[in-house]
Structure formats: structure tokens, C-alpha cells
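As a plain string of letters, each chain reads:
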Amino acid sequence: MQSNARIVIVGGGIMGASLLYHLALEGCTDTLLIEKNELTSGSTWHAAGQCPSITGSYNLAKIHAYGNQLYPKLEALTGQYVSWHPCGGLRLATNEQELAWMKHIHGYSKSIGFEMEIVGLDTIKALNPFLTTDGVIAAARTTGDGHGDPAGLCNALAKAARNLGATVARHNRVLDIKLRGSGEWEVITEQGTVIAEMVVNAAGCYAREVAAMVGGDAPITNMQHHYVVTHPIPAFIDRSEEIPVMRDPYTSGYFRQEQKSGLIGIYESTGLREAWAPEGFPDWEASNELFPDDLDRIAPWLERAMERMPIFGEVGIRRVINGAIPHTPDGAPLLGPAANLRNFWMCCGTSFGIAQGGGCGKYLAQWMLHGDAEINMAEFDPRRFGPFADKAYVRDKVFLDYRLTFTTRLPGDEEMAGRPKKTSPLYEKLRAHGAVHTETFGWERPKWFSPDGRVELCGYRRNNVFDVVRAEVSAVAERVGVLDLTGFAKYDISGADAEGYLNRICANHMPRKVGGIALAHTLSPQGRILGEMTVTRLAPDRFYALSAAAAELRDLDLLSQGVRPGENVRIDNVTERRGVLVVSGPRSRELLSSLTDADLGNDAFRWLTAREIHVAGIPLRALRVSYVGELGWELHPEVDALPALYDAVWEAGRDFGLANYGLYAVNSMRMEKGYKAWSSELTNELNMLEADMGRFIDFDKADFIGKAPTLAQAPRPLKIVYTEVDAADTDARGGEPVLVGERCIGVTTSGAYGHRVRKSLAFACVPPEFAAPGTTVEVLLQGERRSATVLATPAYDPDNLRMRV
Ligand SMILES: Cc1cc2nc3c(=O)[nH]c(=O)nc-3n(C[C@H](O)[C@H](O)[C@H](O)COP(=O)(O)OP(=O)(O)OC[C@H]3O[C@@H](n4cnc5c(N)ncnc54)[C@H](O)[C@@H]3O)c2cc1C
């Protein structure tokens, strides 16, 4: 075996093979894929091979769409039989919520460009005359997707890669992986050692064990999943057409034709078991491993499938497959750099790897070779999980995800499996005030406060929480509100070279004066947006940086890997050491002045400055910033002091009409201010100018990462615009198509109802010719065309007068 390769991929399932091919397509063939057995001998070999277009995530849907374009071409490209069946799909809706979800996904189909329509019972019956449609109200019909032979697809991808010059080594287990002093990786295999610049973990159900070789982790639980194949069905034998792949919430599974037989797969919700040793180590020798059938476990759902398709019940079951599928806590793959390691990548954790393998390989290859991908990868970044995702958490979340595979999850709908994991010291106090929490990076963060014990009736339309959020917004706009944002990622950055280093890795200039605050973005070498931080200068050589809770580990990597050898810079992740209490509203100054000797007046404590002061006797960092567009301060004490601080603020707040508020209210208010959000508008798909963030770039700086490409990139194909939507009772949330006539010209990136301005607002990504203020386009909301007008300025207080007072 060769002793060097630029990139070594561990694992020859569909993920590894697709990555190998796409690296080669991007021009990198100094690659070696190492498989311990035969290619496909892990989960890929067992799969039923369905490749649906429909999935609940906008970015994941792009991954699925790419696979469905690629797979039909593979046979002609390689000569490898892949048995591609473009029979389309039908996903049944049995209630209004499922239909609402389909309408939202129908929007994705237009903005991404896959074929989908919502059809009624007549069309359903015409496409599948054998179906009992009891309880069915509609279906999402997709064309251009279908199913293929998973082993054929995997082998075709590997063959295509080899044809371009990539190398595959089979029957060769990777035994260990070590980091050399040079920064290269030493991959120790049964057949010798390979030195590599980059290593990729594509080890499927073994990804956790391979990650452990380098001291890392892969938050994966391997689930057992069954499908059965019936004996041939007479009704199929005489028919030339194939029924679409059926997906059915009532059955909690899928069914389709397999040649002239029926194939039924079940996502049972009781009796779940992991596939392999839940406490750790699967058998390295296992390959093509199947588990004993447990038909009793899936029987209730199998019976439902027979109810739906009585012709299945007329013949017996011929074959049962019970194989292992790797699952992550949020159901999305792990694609991107492993935390805290240079040049170690993850390409694993997919539970729909046949559907996703093609796209995962393509976009990961782009990221590895060019520093970013053409689609937003934030929700796949393995660093969205951290040490909080321990085995028990992963297992609880995965069990939930598995059993809800065919259950429609509506916006706002969150289950408590695995939670709470990380809580601020205010968690119970706020719950006593009615807080309903949402989870970000393991943190419980207040979403809204139930005034009367009501439970949110989740859905795509405005609901019973709308008025509650309006009241929270009013409190902030008219009086004063308090919010626990302890989950913010926080870093202390110090050292003689800290300023120069930060100016190099951020597009904006660091504050020159002590107490100054700057909004700063980190860019990829191509100038695309990687992160957003608020940086405060605490001293000539001390800075305090804040970033999104979900970005804690990726920004930590970005910061620490940006330090040059010999540079005097120290980075401390103080996320869990400091709490954050936000006090916002026109009466916030009066309230806080009653608790501090510090002068909070406009001359002494200006907007966008920070000082170390005492509030209620507690030393803290006070930042006069606001994401909600009102006068206000963020208070950052040592985390243990947070309860005493909150109590003092709450007590003093009685005289000022203080109210708690949550992230729903924050989203409404940030939309009114036209503030873009990291991972919605500010993503690796765009550069700063496309995102209309040019005012946060200091082009006068000698250099910063991404400067030259940001300056060079013209003409710019896309631009983020801010719009007012003529909505009825549904607001944009992102992923909705932007239409001009029948043409889809763009997509919304986020949106919300602005309670202060009483307008529905949305950001959208469109070509520049539609970006001029006053331009009117249409947005598809729940199947209805709604006009949207580009605004020139923020809908609320465009001159920031309320924050400057
Ligand atoms: C019954 C069943 C039905 C399914 N149906 C579908 C479906 O219809 N559609 C769909 O999209 N998905 C389906 N799946 C899921 C799909 O099979 C997986 O998501 C996908 O195969 C995962 O691919 P992978 O490349 O990540 O993992 P794998 O295919 O498991 O590949 C990982 C490879 O890494 C190798 N490896 C591990 N450790 C080492 C080491 N130390 N050294 C060298 N090699 C190593 C393994 O031998 C293995 O070949 C199904 C799964 C099952 C079990």
C-alpha cells in the first residue's frame, strides 16, 4: 500500500465513496480510501435504497436534490449497474398539520428546483390503485426521485473516483490514527502506515470508534431498522408501471415495489434498541452484519401497512432485513471539521445515507478543498455538538428522532428528550415565571413566557402565543424587559499581539479605545462569511468576544487556529464562566441606575461602549448594546452571581413595569431593526457585500483574511434584501420561494412579524436587479402568493434614536 496521500478517507460506504469521487471532481486525486472489508459492507449494503426529494430541512433538501440528479447518470458514467428506478414518491397527509408542513416543503421545491406538487385523492388513487386512502386528505407527490441499488450506487461512485485517479484499498482496517509533530496524520492500518495531510472519518456505525482514535467523539447511536420484502404480488406482475415510493405517517414507515414484490420499512416507536453494544464497541470483524428479526416489535405498524396495501397481506413475507443505521441527535449528518483538531474531517452520521451520500460528498469536498461550500453548512457542522452530547443524551435524542421519522414536526414543537442538559442558574427561577425554553447547543434558553399556563399550539400560522409575544415586545418597547442570554459563546482574548491578530482574522477594525465595541465577522479565504462576533476592548491588550451559542466550538477553532506561531495571544473560552442578563427598554437606565453608583448617562456611558461596573454590588462587564433596538445594557457577571443579579433587577424592576421576555420577542424585534442573523442571512454562501454588510468591513486595513476576494468578486450574483410582506396570518420563516411571475428568483432567509411596527418582515436572497428599494416581488407562504416590497431602511427606528438616548 502507498505510504503517502494528501487525503485519507476511512470507510468505504456511500459517504466515503461519494467524497472520494467529489474530491476527484474538484481536482484532488492524491486520495486514498481505506475500507476494512469490501466497499458497501457496512450500513450501505443493507439499505432499501430510497432517495426522497422531501426532507424537513432546506439545506438538507439541497443535498437530496443533488443526489437525485447524480444517481441516474452514474450507470452511463461508469458502466456499473445501479438499478435506478425513477418512480417518484407519494407522502401521505392525514391531517391539516401534515398538509401545512407539505405546503412549506413545496416552497423548498420551487426555491431549490426539485419537482413536487400537492395532490388530492384522485391522483393518489391513479398513481397507486392498490392503496386504501382512509384518513388521507392529500399527498406530496415528487417526480424525478425514486430508489436505486445502494451497493451499485456506492460501487459506481468508487469506480468513477478511480477512473479519475483516486485510490481504494480494501480489506485493510485502520487500527489507529496519530498526529505527528509536523501536523500531518499517521494512519496505521493492517497493511502499513500512510502519512496524510487530512483524514476523513467516514466509518458509518464505527464513526465513534474512529473519532476516539484521535481523542474526539462522534455523537452517534446506531439504530436497528427493519424492512421486509414480500413474495411476488400477482397484481404487480401484470403491470408495467411501478407505484411511487409511498411514505405514510399512519404506518410510521415506507412501502414500495421491489421488482414484483412489496417492500415495507417501519420506524417503530416502541421497543427500540441500539444496533450495537450501546456502551461502546462494535465488533470490528462485523461486515454485512444483520441482526435477528424481531417482527413482534414492528408488527403493529406492519399490520397498518397491510391495511393501506391489502395486496401486501395476500402474500407472505419472503425476506426480513434488520440492519444498523447511524443516527445523530438532530437527524442531520456530521459534515465538516472535527472540533479542536486541524485537518480531521467528519463525513458520517447520516441516517438517510443513500439519499444524502451524493450531496454530502459534493459539498464536503468543496469545504475541504476551498475553505467553504456553495450551500450553508452550519447545520451539518459536527461542532454543533460538544461535550454536552454524552452517550445518554445522544441515545435519548436519537430514539426520539427515530420514532418521529414519519411524524410531522411543526415549528416551535420541541420535545424534552435528553433535556435539560445545560442550564443557566436562572433556569428554575424563569420556569417559575412561566418560561418555555428552547434548546441551542445544549443550553436551555427562554423562548417565551406563558402567562397563564397555556401551551403553544405549534404550526405555520400565527397561534396562541402571538399575543403573548406582542405583550413581551410592548414591555420592552414601552417600559423595560429582562432576558437571560447566558448561552452566548464568550471568549477572553489577551496578549501583546491580540489586537493585530484580531484585526487579521476579522473584517472590521478592532475598537481603538478601551471600552469600544465592534461587530466583527470572520471570513473564509474566499471571503465568504464564517462567523460573527461582538468584540469589546477591555484594556490595550485584552478583548472580550461574544458569538452565537451554536457557534461556540467552531468559533473557538477559528480563533485558536488563527494564531500564528510565536504570536503572543491567549484565548480562553469563558462561556460557562460568565452569565448574561440583558436589560432593555426606555426605562432600563432608570432601573439600573437604582442599583449602581456608575453613571449610566449618555455622556458617561455611550451607546456601543462597555465598562466594568458594579450592579447590586456585583462586579460585571456592562455592554451598552442592543439587538432589539431599544436603550439597554447586557450585564455579564461571573455566572454564580447571576441569580443575585436577576433578583435585584427583578425587585427594583417592579417600579418600572419590568417583564421577562424570550427569544420569540427578540426575533420579532431584530427583524424590525433589520439585523441579520448568523446562519440565516450571514452564511458561508455569501460574502459581506452580498449580505449587505459592507459597513462592517475596514478595507483600509493592510490585510485581513478574505479581503482580496471580497474586493475582487464582481459582479455579485446575489444580494440580501429586507422586505415588508403583505402577509395574512403566516409569516416567512426562511426557505420560502421568492417569485416574479412564474419564475423563482430567490429565497427567504428568515422572517417574523414585527409587533412594534405591526408588519410582517422577511429577509430574502435575490439577484441584484431585484434589490432596489421599492421593488415588489412575491413570496409563497403556505401556498399563497403574498407581495413583498424591498425596504430601504429598518422598519423600526431607522436612525437608532431609541438606542442612542
Ligand atoms: C435496513 C436499512 C434500510 C435503509 N434504507 C435506506 C434508504 O432507503 N434510504 C437511505 O437513504 N438510507 C437508508 N438506510 C441508511 C443507510 O444505509 C445509511 O445511512 C448509509 O449506508 C450510511 O453510509 P455510511 O457510508 O456513512 O456508512 P457505512 O455504509 O456503514 O460505511 C462505513 C464503512 O466504514 C468501514 N469502516 C469502519 N471502521 C473502519 C476502520 N477502522 N477501517 C476501515 N474501514 C472502516 C465499514 O466497514 C463500512 O464499510 C437504511 C439502512 C438500513 C439498515
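The present account deals with the structure reproduced in this document. Here the residue numbers are simple positions, counted from 1 along each chain's written sequence. In keeping with the predicted nature of the model, local features appear solely for residues at pLDDT of at least 70, side-chain atom pairs appear and are counted solely at 80 or more, and the whole-chain, interface and lining totals rest on all residues. Side-chain measures here rest on the full set of heavy atoms in the structure, leaving out hydrogens and waters.

The next point concerns the pattern of salt bridges. We define a salt bridge as a side-chain nitrogen of Lys or Arg found within 4 Å of a carboxyl oxygen belonging to Asp or Glu. This structure, assessed with the given rule, holds 49 salt bridges. Measuring nitrogen to oxygen at the nearest pair gives 3.9 Å for the salt bridge that ties Arg621 to Glu612. The network of salt bridges with common partners includes Glu268, Arg273, Asp294 and Arg297.

Unfilled space is identified by rolling a water-sized probe across the atoms. Within this scheme a cavity is a closed region of a 1 Å grid, computed over the protein atoms alone, that accommodates a 1.4 Å probe without allowing it to escape, whereas a pocket is open but has protein on both sides within 12 Å along at least five of seven lines; lining residues each have an atom within 4 Å of a point. Grid points are joined across faces, edges and corners, and a volume is the space filled by probe spheres set on the points. Throughout the structure, instances matching the rule amount to four cavities of 30 Å³ or more. Of the voids in this model, the largest cavity is the one considered here, and its volume is about 80 Å³. Secondary-structure elements contributing two or more residues to the lining of the largest cavity are helix H4 (96–113) and strand E36 (776–781). When its residues are assigned to classes, the lining of the largest cavity shows four nonpolar, five polar and four charged. Only DSSP runs of H or I with at least four residues qualify as helices, and only runs of E with at least two residues qualify as strands; both kinds are numbered from the N terminus onward. Just so you know the grouping, Ala, Val, Leu, Ile, Met, Phe, Trp, Tyr, Cys and Pro go in nonpolar, Asp, Glu, Lys and Arg go in charged, and all remaining residues, Gly too, go in polar.

Turning our attention to the environment of Ile745. Checked against the element boundaries, Ile745 lands in strand E34 (residues 743–754). Counting along the chain gives 320 residues from Ile745 to Pro425, while the straight-line C-alpha distance between them is 46 Å. Residues are treated as being in contact if the distance between any of their heavy atoms lies within 4.5 Å. Discounting residues that sit within four places of it in the chain, Ile745 has contacts with Val738, Val740, Cys765, Val766, Pro767, Phe770 and Val777.

Taken together, 39 residues are adjacent to the ligand, and Glu35, Ser43, Thr44, Thr350 and Gly353 come closest. For the purposes of these results, a polar contact is taken to be a pair of N or O atoms within 3.5 Å, where, inside protein, one atom must be able to donate a hydrogen and its partner to accept one; residues adjacent in sequence count only when each atom of the pair is a side-chain atom. Within the side chain of Thr44, an N or O atom sits 2.5 Å from an oxygen atom of the ligand. Contacts to the ligand include Gln50, whose backbone N or O atom sits 2.9 Å from an oxygen atom. All accessible areas in this document rest on Shrake-Rupley with a 1.4 Å probe, and a residue is counted as covered only by the protein chains that are shown. Relative to its free-state accessible area of 1000 Å², the ligand is covered by the protein chains to the extent of 99%. Distances are taken per atom, and a residue is near a molecule or strand as soon as one of its heavy atoms is within 4 Å of it.

Before going further, it helps to examine helix H9 (residues 295–308). The span expected for a helix works out to 1.5 Å for each residue beyond the first. End to end, H9 covers 18 Å across 14 residues, agreeing with the expected 20 Å (1.5 Å per residue, within 8%). To get the bend at any residue, fit one axis to the seven residues that end at it and another to the seven that begin at it, then take the angle between the two axes. Along its length, H9 shows its largest kink, about 40°, at Trp301. Looking only at H9, the buried set comprises Arg297, Ile298, Trp301, Leu302, Ala305 and Arg308. Accessible area is worked out with a 1.4 Å probe on protein chains only. A residue is then buried under 20% of its type maximum, exposed over 50%, and partly exposed in between.

Another point: helix H19 (residues 663–673). The buried fraction of H19 is high, at nine of eleven residues. Taken as a whole, H19 has its buried residues at Leu663, Ala665, Val666, Ser668, Met669, Arg670, Met671, Glu672 and Lys673.

The next subject is the environment of Met671. Tracing the chain through its elements places Met671 in helix H19. Sequence separation between Met671 and Gly754 is 83 residues, and the spatial gap between their C-alpha atoms is 6.7 Å. Beyond its immediate sequence surroundings of up to four residues, Met671 is in contact with Tyr722, Ser750, Gly751, Ala752, Leu761, Ala762 and Phe763.

Here we come to the nonpolar core. Nonpolar cores were defined as sets of buried Ala, Val, Leu, Ile, Met, Phe, Trp, Tyr and Cys residues, with membership established by side-chain atoms within 4.5 Å. The biggest cluster of nonpolar side chains holds 57 residues, and the ones touching the most others in it are Val8, Ile177, Val187, Val199, Phe344 and Met346. By size, the runner-up hydrophobic cluster in this structure holds 50 residues, among which are Ile9, Val168, Trp345 and Cys360.

Moving on: the layout of surface pockets. Looking at the second largest pocket, its volume works out to about 780 Å³. Those elements that provide at least two residues to the lining of the second largest pocket are helix H11 (353–370), helix H15 (498–505), strand E23 (517–523) and helix H16 (552–561). Taken together, the residues that form the lining of the second largest pocket break down as 15 nonpolar, eight polar and seven charged.

Let's shift gears to the packing of aromatic side chains. Pairs were defined over the aromatic rings of Phe, Tyr and Trp, the Trp ring being its six-membered one, requiring ring centres within 6.5 Å. Orientation was assigned from the angle between planes: stacked under 30 degrees, edge-to-face over 60, tilted for the rest. Taken as a whole, this structure holds 19 aromatic pairs when the rule is applied. With 5.5 Å between their ring centres and 80° between their planes, Phe130 and Phe236 make a pair best called edge-to-face. Residue Phe130 is found in the loop between helix H5 (121–127) and strand E6 (138–143), and its partner Phe236 is found in helix H8 (residues 234–237); the two are separated by 106 residues along the sequence. A single burial state applies to Phe130 and to Phe236, both of which are buried.

An order of E23-E24-E25-E22-E26 is seen for the five strands of this open sheet, with the pairing classed as antiparallel. The open sheet has two edge strands, E23 and strand E26 (570–573), and neither has a second partner. When strand polarity is set aside, the average angle formed by the axes of neighbouring strands in this sheet is 30°. The pairing criterion for strands is at least two bridges between them, as found by DSSP. Where strand E24 (residues 529–539) and strand E25 (residues 542–547) come together, six bridges link them in antiparallel fashion. The partner of Thr536 across the bridge, within E25, is Tyr544. Relative to strand E22 (residues 489–494), H15 is tilted by about 130°, and along the sheet it contacts E22, E23, E24, E25 and E26. Helix axes are fitted to C-alpha atoms over the stretch in contact, other axes to C-alpha atoms as well, and angles between N-to-C directions run from 0 to 180 degrees.

A cis amide bond links Arg419 to the next residue, Pro420, at an omega of -5°. Assignment of secondary structure puts Pro420 in the loop between helix H12 (391–403) and helix H13 (427–432). Not every positive phi belongs to a glycine, and Phe441 is a case in point at roughly 50°. With a phi close to 55°, Ala616 is a non-glycine residue in the positive phi region. Residue position: Ala616 is located in the loop between strand E28 (610–615) and strand E29 (618–623).

Looking now at the sheet that holds strand E15 (residues 261–266). Overall, mixed pairing links the eight strands, which are arranged E5-E6-E4-E13-E14-E15-E12-E16 in an open sheet. Only two strands of the sheet have a single neighbouring strand rather than two, namely strand E5 (115–119) and strand E16 (317–327). Pairwise comparison of adjacent strand axes, ignoring direction, gives a mean angle of 20° for this sheet. By the bridge criterion, six bridges tie strand E14 (residues 253–258) to E15 in an arrangement that is antiparallel. If you follow Arg256 over to E15, its bridge partner there is Leu263.

Before going further, it helps to examine the packing of helix H1 (residues 14–25) against helix H6 (residues 150–164). Relative to each other, H1 and H6 sit at 30°, their axes nearing to 8 Å. Taken together, the axis directions place H1 and H6 in an arrangement best described as roughly parallel. When you trace H1 past H6, the crossing you get is left-handed. For the pair H1 and H6, contact is made by Ile14, Ala17, Ser18, Leu20, Tyr21, Ala24 and Leu25 and by Leu153, Cys154, Leu157, Ala158, Ala160, Ala161 and Leu164, respectively. Per-class residue counts for the contact of H1 with H6 are 13 nonpolar, one polar and no charged. By definition in this entry, angles of less than 35 degrees are roughly parallel, angles greater than 145 are roughly antiparallel, angles of 65 to 115 are roughly perpendicular, and the rest are oblique. Each crossing gets its hand from how the near helix is turned against the far one by less than a right angle, where anticlockwise is left-handed and clockwise is right-handed.

Take the packing of helix H3 (residues 58–78) against H4 next. One can describe the packing of H3 onto H4 by two numbers: an axis separation of 10 Å at closest approach and a directional angle of 60°. For the element pair H3 / H4, the angle class is oblique. Both H3 and H4 take part in a crossing whose hand is right-handed. In this structure, H3 contributes Tyr58, Ala61, Lys62 and Ala65 to the contact, and H4 contributes Tyr108, Ser111 and Ile112. Each residue belonging to the contact of H3 with H4 can be placed in one class, and the counts come to five nonpolar, one polar and one charged.

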